[in-house]
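# An overview of the molecular structure
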Amino acid sequence: MSPVLDIKDLSIAYQTPGGDVRAASHVNLTINKGEVVGLCGESGSGKSTLAYGACRLLRPPAVITSGSVLYSGARTGTAVPVDILRLPHDDLRAIRWRDVAIVFQSAMNALNPVLRVRDQILDGMEAHLRLRKDEAHEKAARLLDLVGIPRERLRSYPHELSGGMRQRVMIAMALAADPEVVIMDEPTTALDVVV
């Protein structure tokens, strides 16, 4: 059985006028179905850069200089792994959030400040799942139950939530389309120890 996500020889650099700064160099990481993998390293060692690179979410001046990110999920419709780094944009949109989701480190920056929590969770479901409106609303409520937030907070805006609640909303959003792989970039940073 092939791994669900196989990062091979991935290198990422930040291009600067003074030359390239290597952020990740020849990284190999294999994740099998049902497996939980933790990546540890000191601040600035490239963990977040690797997560963003694996999802093809890097912004300039970051560039991927080598490697591949092979996804072999059950929903790809092919026996051959697809390379996320070489997918056409429309195919990438179909996989991102549906098959491979990410929980960003900074929830306040990742959430849209003018949309209610409900609308942000529903957005991913509407893009990838065929659910009736009432089913989608019930699933959004169950996701908040899962992350320990009262259902009435679906009507809240991000600024009305604590930092820990915003982080848990991000986790709920990542799980909304039932992805096979969830990449989490320091997902517990803003959470209370009890949570």
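Below is a summary of the structure that appears in this document.

Definitions and limits used
- Residues numbered from 1 in each chain as written.
- Predicted model: local features only at pLDDT ≥ 70, side-chain atom pairs only at ≥ 80, totals over all residues.
- Heavy atoms only, no water.
- Pairing = 2+ DSSP bridges.
- Helix = DSSP H or I, 4+ residues; strand = E, 2+ residues; numbered from the N terminus.
- Salt bridge = Lys/Arg side-chain N within 4 Å of Asp/Glu carboxyl O.
- Buried < 20%, exposed > 50% of the residue type's maximum accessible area, 1.4 Å probe, protein only.
- Phe/Tyr/Trp six-rings, centres within 6.5 Å; stacked < 30°, edge-to-face > 60°.
- Core = buried A, V, L, I, M, F, W, Y, C linked by side-chain atoms within 4.5 Å.
- Contact = heavy atoms within 4.5 Å.
- Axes fitted to C-alpha atoms, helices over the stretch in contact; angles between N-to-C directions.
- Left-handed = near helix turned anticlockwise from the far one by under 90°.
- Nonpolar A, V, L, I, M, F, W, Y, C, P; charged D, E, K, R; others polar.
- Expected span 1.5 Å × (residues − 1).
- 1 Å grid on protein atoms, 1.4 Å probe; cavity = no way out; pocket = protein on both sides within 12 Å on 5 of 7 lines; lining within 4 Å.
- Points joined across faces, edges and corners; volume = space filled by probe spheres on them.

Our focus in this paragraph is the pairing of strand S1 (residues 5-16). Where S1 and strand S2 (residues 19-31) come together, nine bridges link them in antiparallel fashion. The residue of S2 that forms the bridge with Asp-6 is Thr-30. Following S1, the chain reverses through two residues before pairing antiparallel with S2. Pairing of S1 with strand S3 (residues 62-71), which is carried by eight bridges, proceeds in the antiparallel orientation. Bridged to Tyr-14 within S3 is Ala-62.

It is worth spelling out the pattern of salt bridges at this point. Within this structure, the stated rule accounts for eight salt bridges. A salt bridge links Asp-83 to Arg-86; its shortest N-O distance comes to 2.7 Å. Linking Arg-132 and Asp-134 is a salt bridge whose minimum nitrogen-to-oxygen distance equals 3.2 Å. Residue classification places Asp-134 among the partly exposed residues on the basis of a relative accessible area of 46%. One salt-bridge network, held together by shared partners, links Arg-132, Asp-134 and Glu-135.

Moving on, we get to the packing of aromatic side chains. This structure, assessed with the given rule, holds two aromatic pairs. A ring pair is formed by Tyr-52 and Phe-104, whose centres lie 5.7 Å apart and whose planes are at 20°; its orientation type is stacked. Here Phe-104 lies in the loop between strand S5 (100-103) and helix H3 (107-110) and Tyr-52 lies in helix H1 (residues 47-54), a separation of 52 residues in the sequence. Here a set of aromatic residues connected by ring pairs shows up, and it is made of Tyr-52, Trp-97 and Phe-104.

A few words now on the nonpolar core. The biggest cluster of nonpolar side chains holds 50 residues, and the ones touching the most others in it are Leu-5, Val-69, Tyr-71, Val-100, Ile-121, Val-169 and Ile-183. When residues of this core are assigned to their parent elements, the largest contribution, seven residues, is made by helix H6 (residues 163-175). With sequence-adjacent residues up to four places away left out, Leu-5 is seen in contact with Leu-29, Thr-30, Ile-31, Val-69, Leu-70, Tyr-71, Ile-84, Val-181 and Ile-183.

Pairing is antiparallel across the open sheet formed by four strands, whose spatial order is S2-S1-S3-S4. Edge strands, defined here as strands with exactly one partner in the open sheet, are S2 and strand S4 (82-83). Sheet topology places S3 next to S4; two bridges connect them, and they run antiparallel. Of the residues in S4, the one forming a bridge with Leu-70 is Asp-83. The sheet contacts of H1 involve S1, S2 and S3, and relative to S1 the element is tilted by about 115°.

Take the packing of helix H4 (residues 117-128) against helix H5 (residues 133-146) next. Put simply, H4 and H5 touch, their axes get as near as 10 Å, and they point 115° apart. Considering only the axes of H4 and H5, their crossing is right-handed. Where H4 abuts H5, its residues Arg-118, Ile-121, Leu-122 and Met-125 lie against Ala-136, His-137, Lys-139, Ala-140, Leu-143 and Leu-144. Residues of the contact of H4 with H5, tallied by class, amount to seven nonpolar, one polar and two charged.

Let's shift gears to H5. Taking 1.5 Å as the rise per residue, H5 with 14 residues should run 20 Å; its terminal C-alpha atoms sit 20 Å apart, in good agreement. For H5, the full list of buried residues reads Ala-136, Lys-139, Ala-140, Ala-141, Leu-143 and Leu-144. Contacts from the buried residues of H5 go to H4 and H6. Phi for Gly-148, located one or two positions after H5, is positive at around 75°.

What follows is about empty space enclosed by the protein. Within the structure shown, the criterion is met by one cavity of 30 Å³ or more. If you add up the space inside the largest cavity, you get close to 40 Å³. Among the residues making up the lining of the largest cavity, the classes are represented as five nonpolar, no polar and one charged.

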